[in-house]
Amino acid sequence: MTGSVVHRVRGLAAAVLLAFALAGGGTAVAQTGNQDVYVSPQGSDSAPGTAAQPVRSLQHARDLVRARTAKGLTADLTVHLASGVFRLPSALTLDARDSGSNGHPVSWQGTGTTQLNGGEQVTGWQPVAGRPGLFAAPAPAGLDNTRQLYVNGVREQRARGALPVTLNATSAGYTASSSALASWQNPGDIELVYTAGEALWNVQRYGLGQWTEPRCPLASIDGTTITMAQPCWDNSTKRVLFPDIPGRSVNMVGPADLTNGRQPAYAENAFELLDTPGEWYLDRSAHKVYYLPKPGENLAHADVEVPVLQKLVDAQGTAQAPIHDVSFRGLEFAYATWLTPSTSEGFSEIQAGYTVTGPTGYATQGLCQFVAGGTCPYASWTKEPGNVSVSYGQRMEFTGSVFDHLGAAGLDLGGGSQDSTVNGDIFTDISGNGVEVGGVDAPMSSSGNAVTRGVQVTNNHLYDLPREFHGGVAIVNGYSQHDTLAHNQIDHVAYSAISVGWGGWPDKIKQPATPNISHDNAVSDNLIFDYMNLLDDGGGIYTQGITGTSLADGEKVTGNVIHDQWGLGKSIYTDNGNTYETVQGNVLYATAYSNVGSTHVDYRDKLGNNDPTLIEGNYWEQGDKDGNNKGVVTTGNHLLSTPSAAPAAITANAGLQPAYRSLLDQQVGGSAAPEPPSRIGTFAADKKLYTTWNPTFADNGSPVTGYVVTATAGTHAAHVTIGAATFQRQGYAELDGLADGTAYTVTVAATNALGTGTPSLPAAPVTPGKQAGKLAAAPAGLKALPSSTATSLHWTPPSDTGDTPVIGYRVTVTTGSGSPRTITETGRDAVVSQPTAKAMTRVIPDLKPGTSYTFTVAAITGSGVGATGTITVTTAA
């Protein structure tokens, strides 16, 4: 089994370490020295740790290193980790004693097929009597709980589905419409999931804001009474309100009224929901694992892994004794879990994987000066832990490695991280955030060793994440100085790609953003695409709070290429209190809502100015004119008529540098049909229905090529197939030939070269029928911002859409002479913008300089083309 686990990353580390050396990053593989330690899965801890007689465990290797470093190093020291799987009995814990010395680092060096594995294999599968297709096996010895299971390197789904009852929220949980749940097994292990995102068609908005996905376990079920676990329930359903500011919660993040957020999107981790191939369930009371295999899977020969450890590497320095000069190269960090969400704490997400925790968290945590007993500083909520973590680490390095099959954040370089490097790594199949840098609990730290500074996260590929805690972000950077996030490729992520800063929310109550030590951080030359595939109100690059002391040392967001955003948000999001940011020389297109925004008042003085921001020299579709909006300076930007018109000097430079592009060719993890899409929305018209969904971002090793849509009414099912590119462009699918007066339920499955995956959770049923024939009103707020050869056309969706929601727009372009040109504009933003009246933007290319054009815009619904709005503009000469 050992070889089958690690073959998927064969050759990765060697290629990347060579690239690192060629790029000037240092020696590719440390020179062998007589101080070196050798470790092998076939070694013995009674051996001396030489090349001929390696030790077996990483812990014993660490102890040998300590003996050497205690005497002072006279040369670089390398711990050579042989190929194979190191099944860790516990985390490799390091501290200041394990540091390099005398200018010589300690390197933990893998081969490219070296895996640090925190899991156990599940064997002994047998069919379950009375349940055709279902198999069971004894849980590994010592396993009390886990949240993940993998079959041949592919993450499988904990049993989930809709509850067979309706729920009415109470102060302690719910009253169910029947006692059907009272007989369910192990109710304390059942988890309710509250997926947020914008309300759309018949999809409701749950959660604690469109950017969150809280999870809360049940405590008990008694008849029809469901009691939810505390403190998760209170922390997810209660907020302290300002007595003198109507409708504003003291934490200032997300909605103040949470009564509409109490209905779960679905339930998870119940044996009774185990009904779909690829689902599994751990019966903790019986110490047994259940799995319903997918077609073609043979459990007698499969590598089935369950993560056991919550930490793989835990390097903990202190402000007084930092850990320093340690590198990790050529390793795969795999199979770790995180169990706090399975406790009564649950996962009460507030933003970017940070959660509200503690018995009175909703009333006190991070509320500091705003409530009596509030903990300080403001907004110091609980960070998601890393399965690999470093705190107070200096000159730490993670290079040429893979972080996958992980159940928390991948890598956490916590507070006090300094002059450290994350370079040439792959982050994928991670439950939460990819890379975390610094934190948010010390905004004004004055201790030299406690400041996060000089961290470089460069030339990494982060994709297909987060897989479980979907409000997570690929790279999260807190309060810091001189950090660089550059030349990364981030694609196929559920929410935002990069998040920087914190603490700006007090501008919502007309108070200054939280003072902090941040300055001179750079986010540059990243390639970001196919992001925000599940949640809304985020961005390709999101920044919050004060970024410096002036535009000179504030955050620089430069040279990034960001495109194909699915959820509502911004390419570059300048959110609350975002002060002194420069947005310069980026290429931004295919955005749902806005390329750069938003503008906020600077409350540090009483002059009424906005947070100082420079937006200069970008290539975008937004088309804003040059100007100075009370400190927000927009100048020298270029309207992008088509993506191909972007300068090659920017587009070719963004993303992985040439020496690292082989990362894109590496197969990490197993291969299978794709995961299902999510948030299926539908509406019905005469003899037809329309459906939209959030696309699959976890393709399991083969790109999604299309989707299969199934509408079911009793024993009758209708199907339609739509290509992935068509759906990306159109934003919906249409099923014709249905029976009026019959209720249909829709599911969607994704397809790749390996087959069609399991179907999604079903949409709420809809019933086709005759429509009244009422068309949509005219779009409002038309605005045209022309260049010489194109126009950025903006409009607000109609408030009255008539019989059905909007599915697109018809734009007609006319001149004084010549035939009109009609363009049908569809896409996810056309679908999702209407319920919240977010502005639409489309670039109309192929215009002539100095020419007057009239544009008419009409909404298209299931009943036809509605009334038009009109605007006339003359292109630049």
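Residues numbered from 1 in each chain as written. Predicted model: local features only at pLDDT ≥ 70, side-chain atom pairs only at ≥ 80, totals over all residues. Heavy atoms only, no water.

Draft legend 1. The pattern of salt bridges, seen in detail. What the rule picks out here adds up to 30 salt bridges. The salt bridge involving K383 is made with D412; its shortest N-O contact spans 2.8 Å. Placement of K383 in the loop between α5 (361–364) and β26 (386–391) and of D412 in strand β29 (residues 409–413) is noted, with a sequence separation of 29 residues between them. Using a relative accessible area of 22% as the deciding quantity, one classes K383 as partly exposed. Notably, a salt bridge pairs E675 with R467, separated by 4.0 Å at the nearest N-O pair. (Salt bridge = Lys/Arg side-chain N within 4 Å of Asp/Glu carboxyl O. Helix = DSSP H or I, 4+ residues; strand = E, 2+ residues; numbered from the N terminus. Buried < 20%, exposed > 50% of the residue type's maximum accessible area, 1.4 Å probe, protein only.)

Draft legend 2. Highlighting unusual backbone geometry. Cis rather than trans, the peptide bond between Q230 and P231 has omega equal to 15°. Secondary-structure assignment places P231 in the loop between β17 (225–228) and α4 (232–237). Note that the residue after C376, namely P377, is joined by a cis bond; omega there is -5°. Positioned with a positive phi, N269 is a non-glycine residue whose angle comes to about 70°. Structurally, the position occupied by N269 is in the loop between β18 (266–268) and β19 (279–283). Judged by relative accessible area, which is 7%, N269 ranks as buried. Of note in the backbone geometry, D564 takes a positive phi value of approximately 60° without being a glycine. Relative to the helices and strands, D564 resides in strand β43 (residues 561–565).

Draft legend 3. Seen up close, the side chain of T812. You can see T812 is positioned in strand β62 (residues 806–814). Among residues more than four places away in sequence, those in contact with T812 are P820, R821, T822, T854, F855 and T856. (Contact = heavy atoms within 4.5 Å.)

Draft legend 4. Inspection of the confidence of the model for the protein chain at higher detail. Here the protein chain averages 94 in pLDDT, while 96% of its residues score no lower than 70. Low pLDDT (under 50) marks residues 20–32, which in the prediction has 24 contacts with non-local residues, meaning those over four places away or in another chain. (pLDDT = per-residue confidence, 0-100.)

Draft legend 5. Seen up close, the sheet that holds strand β66 (residues 864–874). Read from one edge of the open sheet, four strands run β63-β62-β65-β66, paired in antiparallel fashion. The open sheet has two free edges, formed respectively by β63 (821–825) and β66, since each of these has just one partner strand. Strand-to-strand twist across the sheet, computed as the mean angle between neighbouring axes with direction ignored, equals 20°. Against the sheet, helix α8 (residues 828–836) touches β62 and β63, its axis set at about 110° to β62. (Pairing = 2+ DSSP bridges. Axes fitted to C-alpha atoms, helices over the stretch in contact; angles between N-to-C directions.)

Draft legend 6. Main features of α8. When you tally the buried positions in α8, you get seven out of nine residues, the bulk of the element. Those residues of α8 not exposed but buried are R828, D829, A830, V831, V832, S833 and Q834. Packed against the buried residues of α8 are β53 (678–685), β54 (688–694), β62, β63 and β64 (840–844). Directly after α8, the chain includes A837, whose backbone phi takes a positive value near 55°.

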